[in-house]
Amino acid sequence: MQLQQLFSPSVQHTLDVIGIFVFAISGALLAVRKNFDVFGIGVMAEVTALGGGIFRDVIIGAVPPAAFTDLGYFITPLIAALVVFFLHPHVERIQSAVLVFDAAGLGLFAVSGTTKAYSYGLNLTASAALGLATAVGGGVLRDVLANEVPSLLRWDRDLYAVPAIVGATTVVLCIHYDALTPLTSGLAVVTAFVLRLLAMRYHWRAPRAWNRRSTVREE
């Protein structure tokens, strides 16, 4: 069962484009902070927005990936890059709002990535893993290109992968119990979204190694 079968194609496409746009904004903003030129800003926007979905599609054999068959998916990050190129001081000022939409995109892509992977024959565990990759893969590529330790791996950043894992796990549990509906899919998105917002609000972070006593200076 695919998410496209749960919601109308137009609704699903609109949600995808919104998620892509917000992810692209985050990539373009990092490029500006790194003093990249206009080409670098565009590349960072594209990679951040589409990297996770392309990785998923290549793994499951859905080729060419949707990013290359739907012009809207490819153009949307470029529009976001232009917005940031000309208006980045204003975008920085509404960073909190961007993070809220980013959290919504995280939940949406975790759910849609999981259902698409399952519809291509993967088992539940692999489907959840690809749902996670869809949600966070672009951000990892963004940080690597910017020569930074991916936020996903840093202990001093608020939980990001965990909300996506929860959303993907909720989907596979619904599939297992034959309860995947528009309502339960929406609840999975909302669960990941709310968990990410709570993590940002209360600065929830994953634990480090148990009984850590290293004297090495932290990076």
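How each quantity is defined
Residues numbered from 1 in each chain as written. Predicted model: local features only at pLDDT ≥ 70, side-chain atom pairs only at ≥ 80, totals over all residues. Heavy atoms only, no water. UniProt positions renumbered as here; feature names shortened; annotations may be inferred. Helix = DSSP H or I, 4+ residues; strand = E, 2+ residues; numbered from the N terminus. Expected span 1.5 Å × (residues − 1). Core = buried A, V, L, I, M, F, W, Y, C linked by side-chain atoms within 4.5 Å. Buried < 20%, exposed > 50% of the residue type's maximum accessible area, 1.4 Å probe, protein only. Salt bridge = Lys/Arg side-chain N within 4 Å of Asp/Glu carboxyl O. Axes fitted to C-alpha atoms, helices over the stretch in contact; angles between N-to-C directions. Parallel < 35°, antiparallel > 145°, perpendicular 65-115°, else oblique. Contact = heavy atoms within 4.5 Å. Nonpolar A, V, L, I, M, F, W, Y, C, P; charged D, E, K, R; others polar. Patch = residues over 30% accessible without salt bridge, like charges linked within 9 Å, V, L, I, M, F, W, Y side chains within 5 Å. Areas by Shrake-Rupley, 256 points an atom, 1.4 Å probe, with all protein chains shown as cover.

The name an unreviewed UniProt entry gives the protein chain is Trimeric intracellular cation channel family protein, with Streptomyces sp. 900105755 as the organism. Under the UniProt heading Subcellular location (unreviewed entry), the entry covering the protein chain gives this text: "Cell membrane".

**With respect to the UniProt feature "domain: Glycine transporter" (unreviewed entry) in the protein chain**
The sites that UniProt annotates as "domain: Glycine transporter" (unreviewed entry) are residues 14-88 and 100-174. For residues 14-88, helix accounts for 87% and strand for 0%, while the C-alpha atoms at its two ends are 24 Å apart. For residues 100-174, the helix share is 75%, the strand share is 0%, and the end-to-end C-alpha distance is 26 Å.

**Considerations on helix 9 (residues 182-202)**
An ideal rise of 1.5 Å per residue puts 30 Å on 21 residues; helix 9 measures up with 30 Å between its terminal C-alpha atoms. Phi turns positive one or two residues past the end of helix 9, at His203, with a value near 55 degrees.

**Brief notes about the nonpolar core**
Across soluble globular proteins, nonpolar side chains show a tendency to be buried alongside one another. Membership of the largest hydrophobic core comes to 29 residues, with the highest contact counts inside it found for Ile20, Ile25, Ala49, Leu50, Phe109, Ala135 and Ala164. Looking at this core element by element, the count peaks at nine residues for helix 2 (residues 9-33). Val171, Cys174, Leu180 and Val189 belong to the second-largest nonpolar core, a separate cluster that totals seven residues.

**Examining the pattern of salt bridges**
Pairs can form between side chains of opposite charge once their charged atoms are near each other. Applying the stated criterion across every chain yields a total of seven salt bridges. Between Arg56 and Asp57 there is a salt bridge whose closest N-O contact spans 2.9 Å. Here Arg56 and Asp57 have matching classes, each one buried. Linking Arg154 and Asp156 is a salt bridge whose minimum nitrogen-to-oxygen distance equals 2.9 Å. In this structure Arg154 comes out as partly exposed when scored by relative accessible area, which is 28%.

**Details of the packing of helix 2 against helix 7 (residues 124-145)**
For the pair helix 2 and helix 7, interaxial distance at closest approach is 10 Å and the crossing angle is 10 degrees. As summarised for this structure, helix 2 and helix 7 are arranged roughly parallel, according to the angle between their axes. Contacts between helix 2 and helix 7 involve Phe23, Ser26, Gly27 and Leu30 on the former and, on the latter, Ala135, Arg142 and Asp143. In terms of residue class, the contact of helix 2 with helix 7 is built from three nonpolar, two polar and two charged.

**Brief notes about a nonpolar patch on the surface**
A contiguous nonpolar surface patch, about 800 Å² in accessible area, is contributed by Val38, Phe39, Val43, Leu82, Phe85, Phe86, Leu87 and Leu145. Every element with two or more residues in the nonpolar patch is listed here: helix 3 (38-60) and helix 5 (71-93). When residues in the nonpolar patch are grouped by element, the largest group, four residues, is from helix 5. As for its placement among the helices and strands, Leu87 is situated in helix 5.

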